[in-house]
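Chain by chain, the residues run as shown.
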Amino acid sequence: MNLFSNQNSDSDNGHRSGNSLNALNNNHSNPDSIEDVEFREPNPETIRILQKSFIFLIIVGILVGVVVAAGVIYILHRFDITGQPPQIPIEQIE
């Protein structure tokens, strides 16, 4: 008994259009007509903009990190979460 048998006898797996969804079965392009893409030298203006954007994002990330860290430290001190619990002297325990 085959649990995964194909109930549909249509060769396009139920699709009535002549266009198959499987990209491997689409033979519309001729392999001889494929051309290599030429390597284009990037625009110096684009490189400069990307470098400035990268530096700007790094600086903004560092500043946001410093502000968040300062906020966490402030909240920890505000609610005295960093304080140590009172120590009971050993003499009183015995």
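Please refer to the structure higher up on the page.
Remember, predicted model here, so these are calculated numbers, not experimental data.

A. Representation of unusual backbone geometry. In this model, Asp-80 sits at a positive phi of 55°, which is unusual for a non-glycine residue. Examined against the element boundaries, Asp-80 turns out to sit in the loop between α1 (44-78) and α2 (90-93).

B. Representation of the pattern of salt bridges. Counted under the stated rule, the structure contains one salt bridge. Across the pair Arg-48 and Glu-45 runs a salt bridge, and its minimum N-O distance is 2.7 Å. A residue pair is termed a helical-turn pair when its members lie 3 or 4 positions apart in one helix, as Arg-48 and Glu-45 do in helix α1 at three residues. Look at Arg-48 and you get partly exposed, because its relative accessible area is 38%. Owing to a relative accessible area of 37%, Glu-45 belongs among the partly exposed residues under this scheme.

Here is what the cut-offs are and how they apply
- Residues numbered from 1 in each chain as written.
- Predicted model: local features only at pLDDT ≥ 70, side-chain atom pairs only at ≥ 80, totals over all residues.
- Heavy atoms only, no water.
- Helix = DSSP H or I, 4+ residues; strand = E, 2+ residues; numbered from the N terminus.
- Salt bridge = Lys/Arg side-chain N within 4 Å of Asp/Glu carboxyl O.
- Buried < 20%, exposed > 50% of the residue type's maximum accessible area, 1.4 Å probe, protein only.

Worth remembering: the numbers are spatial, not functional.
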